[in-house]
Structures are given as structure tokens and as C-alpha cells.
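# Structure at a glance
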Amino acid sequence: MNKVKVFKFGGASVKDATGVKNLLKILHSNQSRPLIVVISAMGKTTNALEKVVEAYFSGDKDIAYNRLEKIKQDHIHIVRDLFGQHLPQDLNDKINNLFVEVEWVLDETPVKDFDFYYDQIVSVGELLSTTIISEYLNRKQLKNQWIDARDLIKTDDRFRAANVNWDKTRQYATSVLKSMFEKSEIIVTQGFIGSTAENYTTTLGREGSDYTAAILANLLDAEEMIVWKDVPGLLNADPKIIPDAILMPHISYKEAIELTYYGATVIHPKTIKPLQNKNIPLKVKSFLDPEAPGTIIDQNEKDDLKYSSFIFRPNQVLMSFSARDYSFIAEGHLSELFGTFARFGVKINLIQISALNFTVSFDNQPFKLEKILQSSLQDSYKILYNTDCLLITLRHPTASLIKKMKNGKEIFLEQRSRNTFRMVVKANPDDPIYNKYQ
């Protein structure tokens with residue numbers, strides 16, 4: 001068998017029938033087989049499903065059902081654009097069954113925490129997209145097999161940020177996929193989702209479809225992995241914020257890990273390590289211009305210092321802790337503070353420690369801030385916080401870039417290291433950066 005290639009298509013690439021047809025065209029033009037195709041939820045489906053979870057967990061079940069019905073109709077509209085007004089009965093049944101599974105969850109009163117229900121509900125987005133697209137490819141004579149990624153990716157029970165059990169995943173995925181390739185040269189599966197030993201659905205973190213693709217590439221010693229995006233490749237900034245952002249044709253695994261750690265959203269932070277372990281090149285290419293070269297990420301570090309990169313993380317909480325007894329922030333305090341953040345599944349994006357203060361910046365996710373504020377930490381620490389903050393990171397900055405980025409902003413905190421400048425600022429509604437995220 002030839003070496004496997006892994007393609008990953010994000011939600012923007014399959015947001016409508018035109019996108020799905022373009023995916024078919026890309027697969028037809030890339031004749032390399034065998035091929036694993038990992039697909040995200042369509043368009044903004046994940047965002048919409050998150051709103052369903054929030055309504056359900058807040059007790060607004062009618063709103064949750066209405067939002068779910070809107071998502072269903074959006075998908076039916078795409079299916080009709082692909083197949084005509086008369087939907088294939090088997091496909092119609094599969095779509096209905098997926099929504100019924102969500103309705104079963106909504107029928108119950110929540111007895112577990114938010115993250116558990118998030119994973120059970122939001123995961124349906126990837127199941128819908130791949131079910132529809134797999135059927136469409138088969139109808140267009142591009143033979144493929146669909147498989148539920150939850151049968152491949154085995155994880156712990158840390159919902160919304162599950163850790164992969166590599167031994168069990170290797171055991172399941174390797175044998176199952178190799179057997180499937182004996183029947184078909186193309187396998188379609190979902191990104192983002194996995195399952196626990198008890199068969200509860202888990203997710204790998206927001207934008208985790210890239211990570212799924214990298215896991216499968218690693219296990220099958222893939223020739224390469226290609227992420228298909230709505231940008232020409234990996235850019236040095238979000239073009240929605242910096243219109244003259246430039247393409248980086250090549251960077252190393254090391255630099256890519258740094259960029260994703262700081263919040264670059266083109267690829268998931270955990271994507272690089274499984275590829276680097278097997279020296280599998282990662283390409284980021286445009287689904288709008290498939291013939292363009294895009295970006296190559298591999299072990300060569302020769303181009304890493306050529307570009308200054310800009311990374312923006314909106315909707316941040318900046319929170320400071322100081323011991324009520326005015327003691328220094330020492331190892332015991334750090335263990336307690338980090339332990340609390342880990343217990344509530346809150347990922348820290350920036351840390352600054354002084355004699356009396358421990359300050360962090362993190363994403364303002366539903367119910368997370370409240371958990372920290374209501375925790376036992378309030379007994380030992382004075383807690384101050386700001387919401388609606390923006391975390392800005394510059395990689396390989398020049399002095400003039402730092403000055404320009406700081407201009408006119410209310411800065412709460414800034415840090416400088418050899419290759420990186422970071423600052424947390426108040427999100428200003430009049431600032432173009434802020435407006436691009438609304």
C-alpha cells in the first residue's frame with residue numbers, strides 16, 4: 001500500500017453546497033491514494049451549537065430547541081442544494097437521527113457540568129457534515145467509507161479538552177483504518193471528537209480537527225498532511241485585522257508550535273507534535289486556489305526569523321491574586337492556584353508573577369470565571385479581575401512595531417522576552433482590532 005495522505009477541511013471550506021462541490025473537485029484533482037479526509041462542522045455550526053448548549057444549561061429549553069431547529073433547517077437547505085428537493089431517504093434518516101440524539105439530551109434536566117453537555121451536543125456538527133459529504137461523494141462516484149471518529153480516537157474524560165489515550169487510539173485506529181483501506185482508497189471522518197472508555201463523547205478543544213488529522217497521520221506514518229483553509233497559507237497576521245498580512249511560505253515545527261501556543265488560530269496548538277515526531281510535513285493551502293503553493297511546515301528552521309507575526313486573542317479575563325496575609329507568592333501558592341485552574345479546565349494564556357501578585361490572562365468561557373470566583377481561593381486571596389480584554393502577541397517584533405501596536409491603547413500588562421512581546425489591553429469598541437472580532 002502506498003503511503004497515506006491526510007487532508008483536513010475546515011468549516012469555512014464546507015459552509016455551503018458550493019464549498020462541498022469544491023471539496024469534491026479538490027479530491028478529484030489530487031489522485032494520491034490512500035487518503036483520509038478529516039472534516040469539521042459546516043460553516044458556523046459549532047458556534048450555533050454552543051448557543052444551544054448555553055440555552056439548555058441556563059434552563060431556557062424552548063430557546064435551545066428553537067436554535068437546534070434552525071441548525072437542522074440550515075443543513076437540510078445545504079442537502080437540497082446538493083441532492084435536489086427530494087432528499088435520499090437513507091440520508092434523511094441519518095440526519096434526523098443525529099438531531100434526535102441531541103433532543104434526547106435536551107429533554108433531560110442537566111445533572112452534570114457544562115463541559116459534559118457541551119461535548120455531547122456540539123459534537124453533532126462534525127457528524128452531520130461528514131455524513132452529508134460522504135454521501136455526496138459516493139453519489140458523485142468518488143467511492144469512500146465513512147467512519148465515526150469516536151471509534152478511533154480514545155480519550156480521558158476531561159470534557160472540552162480531552163487528552164488522547166495514545167495506546168488505545170493506536171490499537172483501535174491502526175487496525176480499523178488499515179482494514180477499511182482494503183475496501184476503499186478514501187476514508188471520511190470527523191475532526192474534533194473522540195470518546196471515553198465509557199463511550200461518552202469528548203472533544204479535543206476548539207478547532208481540534210487539525211489535531212485529529214495529525215493523530216491519524218502519525219499513527220499511519222503519513223506521507224504528508226494538508227490543511228485546506230480560506231487563506232493562501234499561514235499568514236503573519238489575521239488578514240481581517242491587518243489587511244497587508246503576508247504569506248509565510250515556510251516555517252519550522254518549532255516556530256509553528258510557538259505561534260499556536262500564543263493563539264494563532266490557523267492550526268490547533270497540539271497539531272504539530274504528532275507530525276514532528278514522525279517528521280511528517282504539514283502544508284497549509286487555500287481551498288479557493290488549490291494550485292497555489294501555500295505554506296510548508298517541517299523541521300527546517302532557516303526561515304523562522306524572516307517574519308514578524310501578530311496574534312490577537314479577544315474576550316480575555318485578566319485576573320490577579322494576592323495573599324490576604326501579604327505573604328510572598330511562593331511554591332505553595334503556585335501549586336494551589338495552578339491546581340484550581342486545572343481542576344476547572346481553564347487554560348492560562350499568560351502568566352506574570354511578582355512578590356505579592358499572581359496574574360493570569362485566560363479565555364472568558366461560559367461559567368469558568370464564576371467557578372474560580374466562587375472557589376476556595378477567595379478565602380486565602382484577594383482577587384481582582386477585568387473582563388473584555390485583548391491579549392496581543394508579537395513574535396520577532398521590531399521596536400517600531402511595538403510602538404505602533406501600543407499606540408492609543410490602555411495597557412494593563414506587558415511582557416518582553418528575546419523573541420516575543422505581549423500585552424493585555426482594554427478592548428476598545430472604537431479600535432479596529434476590537435471591531436473585527438464582533
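A brief report on the enclosed structure follows. This is a predicted model, so every value here is computed, not measured.

### Some words on the overall build of the chain
A count of helices and strands for the chain gives 15 helices and 16 strands. In terms of C-alpha radius of gyration, the chain reaches 22 Å, essentially the compact-globule figure of 22 Å for 438 residues. Taking the principal axes of the C-alpha coordinates as reference, the chain spans close to 70 × 55 × 45 Å. For the chain, with 438 residues in total, the buried portion stands at 54%. Long-range pairs, those at least 24 residues apart, make up 75% of the contacts in the chain with a sequence separation of at least 6.

### Quick notes on the pattern of salt bridges
A complete count under the given rule lists 18 salt bridges for this structure. Close ionic contact of R150 with D148 constitutes a salt bridge, the shortest N to O distance being 2.7 Å. Taken as a pair, R150 and D148 share a single burial class, namely buried. Ionic contacts of the salt-bridge type, sharing partners, join the residues K5, E224 and K283 into one network.

### Some thoughts on the sheet that holds strand β3 (residues 145-146)
Adjacent strands of a sheet form backbone hydrogen bonds with each other and so pair up, either parallel or antiparallel. On the basis of which strands lie adjacent, the open sheet formed by 8 strands has the order β3-β4-β2-β1-β7-β9-β10-β8 and mixed pairing. Pairing within the sheet leaves two strands with one partner each, and these edge strands are β3 and β8 (250-252). Alignment of β8 against strand β10 (residues 295-298), held across 3 bridges, turns out to be parallel. Counted as the bridge partner of S252 is D298 from β10. Sitting on the sheet, helix α1 (residues 17-29) is in contact with β1 (5-9), β2 (35-39) and β7 (224-229), with an inclination near 165 degrees to β1.

### Here's the deal with the packing of aromatic side chains
By the definition in use, this model includes 19 aromatic pairs. Where Y56 meets Y117, the ring centres are 5.4 Å apart and the plane angle is 70 degrees; that geometry is what we call edge-to-face. With a gap of 61 residues between them, Y56 in helix α2 (residues 45-57) and Y117 in helix α5 (residues 114-122) connect regions that are remote in the sequence. Residues Y56 and Y117 agree in their burial class; the two are buried. Ring centres 5.6 Å apart and planes at 75 degrees place the aromatic pair F341 and F362 in the edge-to-face group. Within this pair, whereas F341 is found in helix α11 (residues 331-343), its partner F362 is found in strand β13 (residues 358-363), the two being separated by 21 residues in sequence. Given a relative accessible area of 1%, F341 falls into the buried group. In textbook terms, an aromatic cluster arises when at least three aromatic residues are bridged by ring pairs, as seen for Y56, F57, F114, F116, Y117, Y118, F159, Y200 and F367. Here the guanidinium or amino end of K112 rests over the ring plane of F116, the centre of that ring lying 4.4 Å away. The lysine or arginine in question, R343, covers the ring of F344, its NZ or CZ lying 4.9 Å from the ring centre.

### A closer look at the side chain of T359
With respect to the helices and strands, T359 occurs in strand β13. Judged by relative accessible area, T359 falls into the buried class, the value being 9%. One polar contact links T359 to S320, side chain to side chain, over a distance of 2.9 Å. Contact partners of T359, with chain neighbours within four places excluded, come to L318, M319, S320, L350, I351, Q352 and L413.

### Observations concerning the environment of A41
Of note, A41 is situated in the loop between β2 and α2. Given the relative accessible area of 3%, A41 is considered buried. Note: C-alpha distance between A41 and S123 (82 residues apart in sequence) is 8.5 Å. Excluding residues within four positions of it along the chain, A41 makes contact with G11, V14, T46, G125, E126 and S129.

### Quick word on the packing of α1 against helix α6 (residues 124-139)
Running from N to C, α1 and α6 cross one another at 55 degrees; their axes reach a closest spacing of 11 Å. Judged on the interaxial angle alone, α6 and α1 are oblique. Every pair of crossing elements has a handedness; the one defined by α1 and α6 is right-handed. Note on element contacts: α6 touches α1 through I133, Y136 and L137, opposite V20, K21, L23, L24 and L27. For the contact of α1 with α6, the class distribution of residues is 7 nonpolar, no polar and 1 charged.

### Observations concerning the environment of A55
The topology assignment puts A55 in helix α2. Looking at A55, the relative accessible area reads 5%, which means it is buried. Between the C-alpha atom of A55 and that of T202, which follows or precedes it by 147 residues, the distance is 20 Å. In this view, A55 contacts D60, K61, I63, A64 and R67; residues no more than four positions away in its chain are not counted.

Thresholds, definitions, all that
Position numbers for residues count from 1 along each chain, tracking the sequence in the order it is written. The predicted origin of the model limits local features to residues at a pLDDT of at least 70 and limits the giving and counting of side-chain atom pairs to 80 or more, whereas totals for whole chains, interfaces and linings rest on all residues. Only hydrogens and water are set aside; all other atoms, that is, all heavy atoms of the structure, feed into the side-chain values. Each helix is a run of H or I in the DSSP string that is no shorter than four residues. Each strand is a run of E no shorter than two, and both are numbered from the N terminus. Each radius of gyration is computed over the set of C-alpha atoms, and the globule rule expresses the reference value as 2.2 Å times the number of residues to the power 0.38. Buried, partly exposed and exposed residues are distinguished by accessible area as a fraction of the type maximum, computed with a 1.4 Å probe on protein chains only: under 20%, between the cut-offs, and over 50%, respectively. What makes two residues a contact is simply this: any of their non-hydrogen atoms within 4.5 Å. Just to be clear on terms, a salt bridge is a Lys or Arg side-chain nitrogen sitting within 4 Å of an Asp or Glu carboxyl oxygen. By the convention used here, strands pair only if DSSP detects at least 2 bridges between them. Note on geometry: axes are C-alpha line fits, over the in-contact stretch for helices, and angles between N-to-C directions span 0 to 180 degrees. Ring geometry is summarised as follows: Phe, Tyr and Trp rings, the Trp one being its six-membered ring, pair when their centres sit within 6.5 Å, and such pairs are stacked at plane angles under 30 degrees, edge-to-face over 60 and tilted between the two. Comment: the charge-over-ring label is applied if NZ (Lys) or CZ (Arg) is within 6 Å of the ring centre and within 35 degrees of the ring normal. Polar contact criterion, stated in full: a pair of N or O atoms within 3.5 Å, where within protein one must be able to donate a hydrogen and the other to accept it, and residues adjacent in sequence count only if both atoms are side-chain atoms. An angle below 35 degrees is treated as roughly parallel, one above 145 as roughly antiparallel, one from 65 to 115 as roughly perpendicular, and anything else as oblique. Throughout, a crossing is termed right-handed when the near helix is turned clockwise from the far one, and left-handed when it is turned anticlockwise from it by less than a right angle. Put simply, Ala, Val, Leu, Ile, Met, Phe, Trp, Tyr, Cys and Pro go in the nonpolar bin, Asp, Glu, Lys and Arg in the charged bin, and everything else, Gly too, in the polar bin.

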